[in-house]
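# Summary of the model geometry
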Amino acid sequence: MQQAIPYGKQFISEEDIRAVTETLKSDFLTQGPKINEFEEKFAAYIGCDYAVAVANGTAALHLSALALNVNSQSKVITTPITFAASANCVRYCGGEAVFVDIDASTALIDINKIKALLNASPKGTYEGIIPVDFAGLPVNLEALHQLANEYGLWIIEDACHAPGGYFIDSKGVKQNCGNGVYADLAIFSFHPVKHIACGEGGMITTNNKALYESLLLLRTHGITKDHSLLHENHGGWYYEMQELGYNYRLSDINAALGISQLKRADEGLEKRKAIAKKYDEAFANSSIKIIKPAEGFNHAYHLYVIQVEDRKGLYDHLRRHNIFAQVHYIPIPMQPYYKQLGYNAEHYPNANDYYEKCLSIPMYPTLTGQEQNFVIQTILEFNK
Ligand SMILES: *Cc1c(COP(=O)(O)O)cnc(C)c1O
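All values reported here derive from a predicted model rather than from experimental measurement.

## A look at the pattern of salt bridges
Taken as a whole and assessed by the stated rule, the structure comprises 13 salt bridges. Measuring nitrogen to oxygen at the nearest pair gives 2.9 Å for the salt bridge that ties E39 to R219. With E39 in helix α2 (residues 33-46) and R219 in helix α7 (residues 209-219), this residue pair connects regions lying 180 residues apart in the sequence. Note on accessibility: E39 and R219 belong to one class, buried.

What follows is the structure in structure tokens.
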């Protein structure tokens, strides 16, 4: 029997192991020099001014919502086709998540539908938008930014799927996902199935200094020792808790792994693109539907999603051949927690249709040519 092939998988090198071991022998296990180093290198990779390392992607979303003052009066727009955390962060702050259906041609939130919603509501009804670069396909943040500005909304870009993805804007400038040019904040996850693995880890990126400083405070209990920020000073031991923050720190152990992984980020991205190209070609003359990026949009391929009529049939067929495909995602309004809040999944027909058909097939840098051939052959023998 063929070894199990998952839909996604981390790659830990000997160099990664050495980096972590060195940190274990150092003086700092948390909030030491590796945090700054990881933040600086990640900011340089993405091309933004500031980066704040945090415990995971969900903590990154929660802190971002807090920094933008999401509260019980807030209504925030997001997509139904994403991981639950993209909407949950609004709920953590007591706000209301408002889902806007996806565009069937991209599986990303439909900007025209956001526009229609904003047009139909008194100004000030909505505070912000959390778009998601789903599967690794960049959202058209330039268009979204223009709309958000018109209505006074902020943007948190959930770029968990898209480190290394980019689009070319109307001025011909390359805009990396998470670079903060068209969004107030962007967030990333370093969960093992994502591009860069820390075990657990997350990052918030921004070009906004005030938000950056607020995030630093919120990450460690709202406590500061920074002399320039203190209200009083009783001596060397003195610190102040100025806000209600959290312990959302990343450890130096995780950061050391992240720094080491970041060195191979471009290499991993190229492998993902090569795998995607081979799938594209293999399915070109079949009934399998795939989403191709529009001109100027550079996909980061966290996921490779196909759409088929008999999704459950294909999923079970692959399982029988030890190929573990996955479904991304069950529309959030369909989840029992959101249902009991009064959400009705029927209001998002494109998301529902997508959910009926979508399947994420194996996509990770260490997938071998032979394994990919086997995946393609197994899919095509079920789904011509
Ligand atoms: C993984 C993921 C998150 C959450 O990240 P964690 O590090 O697992 O907390 C949020 N949004 C999206 C789109 C994700 O894929």
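## Observations regarding the packing of helix α3 (residues 57-67) against α7
Viewed as axis vectors pointing N to C, α3 and α7 meet at an angle of 120 degrees, and their least axial separation amounts to 10 Å. Viewed along their axes, α3 and α7 adopt a mutual orientation that is oblique. The crossing of α3 and α7 is right-handed. In this structure, α3 contributes L63, S64, L66 and A67 to the contact, and α7 contributes L211, S214, L215, L218 and R219. Looking at the contact of α3 with α7 residue by residue, the class counts come to six nonpolar, two polar and one charged.

## Overview of the domain arrangement of the protein
When its domains are assigned, the protein resolves into domain 1 (6-100 + 108-262) and domain 2 (265-382). Inter-centroid distance (C-alpha atoms) of domain 1 to domain 2 is 25 Å. Contact residues are listed per partner, giving 40 residues for domain 1 and 38 residues for domain 2. At the boundary of domain 1 with domain 2, total buried surface from both sides reaches about 3,300 Å², with 64% on carbon and sulfur atoms. Considering only the surface of domain 1 that becomes buried against domain 2, Y7, I81 and F99 emerge as the three largest contributors, covering 22% of it. The tally of links between domain 1 and domain 2 comes to zero salt bridges. In this structure, the connection of domain 1 to domain 2 is made through 16 residue pairs in polar contact (both at pLDDT 80 or more). Of all the elements in the fold, those that place two or more residues in the side of domain 1 that touches domain 2 are α4 (85-92), β4 (96-99), β7 (166-168) and α8 (252-262). Looking at the side of domain 1 that touches domain 2, its residues break down into 24 nonpolar, eleven polar and five charged.

## Observations concerning the environment of S121
If you trace the backbone, S121 turns up in the loop between α5 (111-119) and β5 (128-130). Here S121 falls in the buried class, since its relative accessible area comes to 16%. At 2.6 Å, the side chain of S121 and the backbone oxygen of L117 are in polar contact.

## Quick notes on the pairing of β4
Where strand β3 (residues 75-78) lies against β4, four bridges are found, and the strand directions are parallel. Residue pairing across strands places K75 opposite E96, the latter belonging to β4. Handedness of the β3-α4-β4 crossover: right-handed.

## Comments concerning the UniProt feature "modified residue: N6-(pyridoxal phosphate)lysine" (unreviewed entry) in the protein
Using the residue numbers shown here, the UniProt feature "modified residue: N6-(pyridoxal phosphate)lysine" (unreviewed entry) corresponds to K194. Along the chain, K194 falls in the loop between β9 (185-189) and β10 (202-206). Using a relative accessible area of 15% as the deciding quantity, one classes K194 as buried. Excluding residues within four positions of it along the chain, K194 makes contact with C160, S189, R272 and H302.

Rules and cut-offs
- In every chain, residue numbers begin from 1 and rise along the written sequence.
- pLDDT decides what is reported in this predicted model: residues at 70 or higher carry local features, side-chain atom pairs at 80 or more are listed and counted, and totals for whole chains, interfaces and linings draw on all residues regardless.
- To obtain the side-chain values, all non-hydrogen atoms of the structure were included, while hydrogens and water were left out.
- We count a salt bridge whenever a side-chain nitrogen from Lys or Arg sits within 4 Å of a carboxyl oxygen from Asp or Glu.
- Only DSSP runs of H or I covering at least 4 residues are called helices, and only runs of E covering at least 2 are called strands; the numbering of each starts at the N terminus.
- Summary of the burial criterion: residues with accessible area below 20% of their type's maximum are buried, those above 50% are exposed, and those between are partly exposed, where the area comes from a 1.4 Å probe applied to protein chains only.
- The axes are straight lines fitted to the C-alpha atoms, using for helices just the contacting stretch, and the angles between their N-to-C directions are given from 0 to 180°.
- The labels follow the angle: roughly parallel below 35 degrees, roughly antiparallel above 145, roughly perpendicular from 65 to 115, and oblique for the rest.
- Working rule for handedness: look at the near helix, and if it is turned counterclockwise from the far one by less than a right angle, call the crossing left-handed; if clockwise, right-handed.
- Residues count as neighbours in contact if any of their non-hydrogen atoms are within 4.5 Å of one another.
- Under this grouping Gly is polar, as are all residues other than the nonpolar Ala, Val, Leu, Ile, Met, Phe, Trp, Tyr, Cys and Pro and the charged Asp, Glu, Lys and Arg.
- These domain boundaries are the output of an automatic or database domain assignment.
- Summed over both partners, the accessible area (1.4 Å probe) lost when two parts come together is defined as the buried area.
- In the analysis that follows, any N or O atom pair within 3.5 Å is treated as a polar contact, provided that within protein one partner can donate a hydrogen and the other can accept it, and provided that, for residues neighboring in sequence, both atoms belong to side chains.
- DSSP-based pairing: two strands are paired if at least 2 bridges between them are found.
- Whether a crossover is right-handed comes down to one check: with the strands pointing away from the viewer, does the path from the first strand over the helix to the second run clockwise; if it does, it is right-handed.
- UniProt positions are given in the numbering used here, feature names are shortened, and annotations may be inferred rather than shown by experiment.

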